[in-house]
There are 2 protein chains.
Amino acid sequence: MPRTNKDFDSRKEQLIQLALEQFIEKGYENTTITDLQKCFGLTKGGLYHYFRSKEEILDAVIEYGLMQETKGLIEELEQIPVEKKLIHFFFSTTTNAFTKNLFKYSKNNSSSIVTYRLREKTTKILVPILKNIMNQNIESGFYKSKYPDEMSEFSIILAQAITEAGMLSETDLDHKKKRIDAIVDMWSKCMKPPAEHIHELKMNLYKLISAEEN
Amino acid sequence: MPRTNKDFDSRKEQLIQLALEQFIEKGYENTTITDLQKCFGLTKGGLYHYFRSKEEILDAVIEYGLMQETKGLIEELEQIPVEKKLIHFFFSTTTNAFTKNLFKYSKNNSSSIVTYRLREKTTKILVPILKNIMNQNIESGFYKSKYPDEMSEFSIILAQAITEAGMLSETDLDHKKKRIDAIVDMWSKCMKPPAEHIHELKMNLYKLISAEEN
């Protein structure tokens, strides 16, 4: 009986889940392709049917995790008034177990290739969603900017810089708050939303970094 | 005869130079600690006298390269009028052969651990130099901002994002120019320098990305 595409995809999804478990248990760097082959219960040829390398497995794990995350997010965003979308976009938290585990692994292994590639792919997957939100808010007159697409790109990068370890120097909570004040001031000058929106943005960012500290 | 610290440091510098050559020749990922040991002409124990791991050798290579770069830069900056320092900081190019080779290797291997760690360390080494420039310009009244330190951090991160591959999606020259327009507009709103300065900044950034394209 011929194998269908659906069989292939659901088997691949299983393998991706097993791979993340293996990375968490052994560390990505210490996991060999033979380890993965064993934990998949596949021959070398069987594994290469799905993935060409360990790097490709990592990318598949990251893409799968981010897809789980954004699938729900996009659906939620459709139900939300336009001027509330940005706050939801930045501050809703993932409920997907796989994605949570991936983020947790990355957080515990900062300055590893997993964190770097996750960061890079997160930007690329989130920017289009934020661009869409920005442009809707420009159309409705809630934001004003000649550069909604570019401001979307910069906002994701800077949000990563102030909330994730590694991009900027380690610092204390007071200086982290000052970084937030500076970014929110910049945002206010460039996007000109109402003052309450800026306040809400700032309070949510404060909450986020205070939670990270604990 | 006891070995002095100076002997140790100059031998370590030699090893760092050999290590970069080896990484360029074989690729960082494909270079083993045994390869490095052989190319250093050292026993395993001899190598561990200088470095504890391949990762530590990479970090030493990157730090050495950035130190060569910034040593000259800091001296040059002292000779330059305060309102010209920022342009010099962002647009002077390295003349050091080691640093050039390191940057070239990184550019040819984007999305590799070398590029990621180089980016991370570059930020940390350049931010304090830019903070110094920003604060001098605030004192002289050339820039106006409540957040010179934070704007220094954000400027380095965003400069990397718009000039290096990998942080944002690949795009064409026109859109790269629009990113520059957006970042310069943001800078103008946040730092309030004279219009000629903003124009000079923009022209230099255009030149930089046009050169990168070729």
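Quick note: structure is the one above.
Keep in mind the model is a prediction, meaning the values are calculated, not measured.

### Description of the overall build of chain A
- Helix and strand content of chain A: ten helices and zero strands.
- For chain A, the N- to C-terminal ordering of α and β elements is α-α-α-α-α-α-α-α-α-α.
- A total of about 10800 Å² of accessible surface is found on chain A, and carbon and sulfur atoms cover 51% of it.
- Each charge class in chain A can be summarised by its mean position, and for the 30 positive and 31 negative side chains these summaries are 2 Å apart.

### Side note on the packing of aromatic side chains
- One pass over the full model with this rule turns up 17 aromatic pairs over all chains.
- Geometrically, the ring pair formed by Phe40 of chain A and Phe51 of chain A is tilted, given 6.4 Å between the ring centres and 45° between the ring planes. Placement of the pair is Phe40 of chain A in helix α2 (residues 33-40) and Phe51 of chain A in the loop between α3 (44-50) and α4 (54-78), with a sequence separation of eleven residues. There is no split in this pair, since Phe40 of chain A and Phe51 of chain A are both buried.
- A ring pair is formed by Tyr116 of chain A and Tyr116 of chain B, whose centres lie 4.8 Å apart and whose planes are at 10°; its orientation type is stacked. A residue pair is termed interchain when its members come from two chains, as with Tyr116 of chain A in helix α7 (residues 113-139) and Tyr116 of chain B in helix α7 (residues 113-139).
- Residue Tyr116 of chain B is classed as buried on the basis of its relative accessible area, which comes to 3%.
- Taken together, the aromatic side chains of Phe89, Phe90 and Phe91 of chain A make up a single cluster linked through ring pairs.
- Positioned over the ring face of Tyr28 of chain A is Lys54 of chain A, at 4.3 Å from the centre of the ring.

### Notes on unusual backbone geometry
Residue and element names in this part refer to chain A.
- Backbone geometry places Ser111, a non-glycine residue, at a positive phi of 65°.
- Note on placement: Ser111 falls in the loop between α6 (97-108) and α7.
- A residue is classified by how much of its surface remains accessible, and Ser111, at 29% relative accessible area, is partly exposed.
- The backbone phi angle of Lys192 is positive, close to 45°, even though this residue is not glycine.
- Looking at the element boundaries, Lys192 is found in the loop between α9 (173-191) and α10 (195-213).

### Section: the environment of Ile113 of chain B
- Position of Ile113 of chain B among the secondary structure elements: in helix α7.
- Along the backbone, Ile113 of chain B and Leu58 of chain B are 55 residues apart, and their C-alpha atoms lie at a distance of 9.5 Å.

### Some details on helix α6 (residues 97-108) of chain B
Residue and element names in this part refer to chain B.
- Taking 1.5 Å per residue, twelve residues should reach 16 Å; α6 reaches 16 Å between its end C-alpha atoms and fits that length.
- Looking only at α6, the buried set comprises Phe98, Thr99, Leu102, Tyr105 and Ser106. Down the axis, α6 shows its buried residues gathered within 125° of arc, on one side only. For α6, the exposed residues lying more than 90 degrees away from the buried face are Ala97, Lys104, Lys107 and Asn108.
- In this structure, the buried residues of α6 make contact with α1 (5-26), α4 (54-78) and α7.

### Digging into the relation of the copies chain A and chain B
- For the pair chain A and chain B, the best superposition has an RMSD of 0.0 Å and corresponds to a rotation of 180° with a translation of 0.0 Å parallel to the axis. On this basis, the relationship between the two copies can be described by a two-fold rotation axis.
- A shared binding surface is used by both copies, with 100% of the interface residues of chain A retained as interface residues in chain B.

### Here we look at the packing of α9 of chain A against α10 of chain A
Residue and element names in this part refer to chain A.
- Remark: α9 packs on α10, axes separated minimally by 10 Å, with the N-to-C direction vectors making an angle of 155°. Between α9 and α10, the angle is such that the two are roughly antiparallel. Where α9 crosses over α10, the handedness of that crossing is right-handed. In contact with Leu173, Lys176, Lys177, Ile180, Asp181, Ile183, Val184, Trp187 and Ser188 of α9, α10 contributes His197, Ile198, Leu201, Lys202, Leu205, Tyr206, Ile209, Ser210 and Glu213.
- Per-class residue counts for the contact of α9 with α10 are ten nonpolar, three polar and five charged.

### Regarding helix α1 (residues 5-26) of chain A
Residues and elements named next belong to chain A.
- Its 22 residues give α1 an end-to-end C-alpha distance of 31 Å, which sits within 8% of 32 Å, the value for a rise of 1.5 Å per residue.
- Burial in α1 covers these residues: Leu15, Ile16, Ala19, Leu20, Gln22 and Phe23. Around the axis of α1, the buried residues are gathered within 160° of arc, so they sit on the same side. For α1, the exposed residues lying more than 90 degrees away from the buried face are Lys6 and Glu25.
- Packed against the buried residues of α1 are α2, α3, α4 and α6.

Calculation rules
Residues numbered from 1 in each chain as written. Chains lettered and ligands numbered in written order. Predicted model: local features only at pLDDT ≥ 70, side-chain atom pairs only at ≥ 80, totals over all residues. Heavy atoms only, no water. Helix = DSSP H or I, 4+ residues; strand = E, 2+ residues; numbered from the N terminus. Areas by Shrake-Rupley, 256 points an atom, 1.4 Å probe, with all protein chains shown as cover. Lys, Arg positive; Asp, Glu negative; His and termini not counted. Charge placed at Lys NZ, Arg CZ, Asp CG, Glu CD. Phe/Tyr/Trp six-rings, centres within 6.5 Å; stacked < 30°, edge-to-face > 60°. Buried < 20%, exposed > 50% of the residue type's maximum accessible area, 1.4 Å probe, protein only. Lys NZ or Arg CZ within 6 Å of the ring centre and 35° of its normal. Expected span 1.5 Å × (residues − 1). Arc of directions from axis to C-beta. Contact = heavy atoms within 4.5 Å. Least-squares fit on C-alpha atoms with pLDDT ≥ 70 in both. Axes fitted to C-alpha atoms, helices over the stretch in contact; angles between N-to-C directions. Parallel < 35°, antiparallel > 145°, perpendicular 65-115°, else oblique. Left-handed = near helix turned anticlockwise from the far one by under 90°. Nonpolar A, V, L, I, M, F, W, Y, C, P; charged D, E, K, R; others polar.

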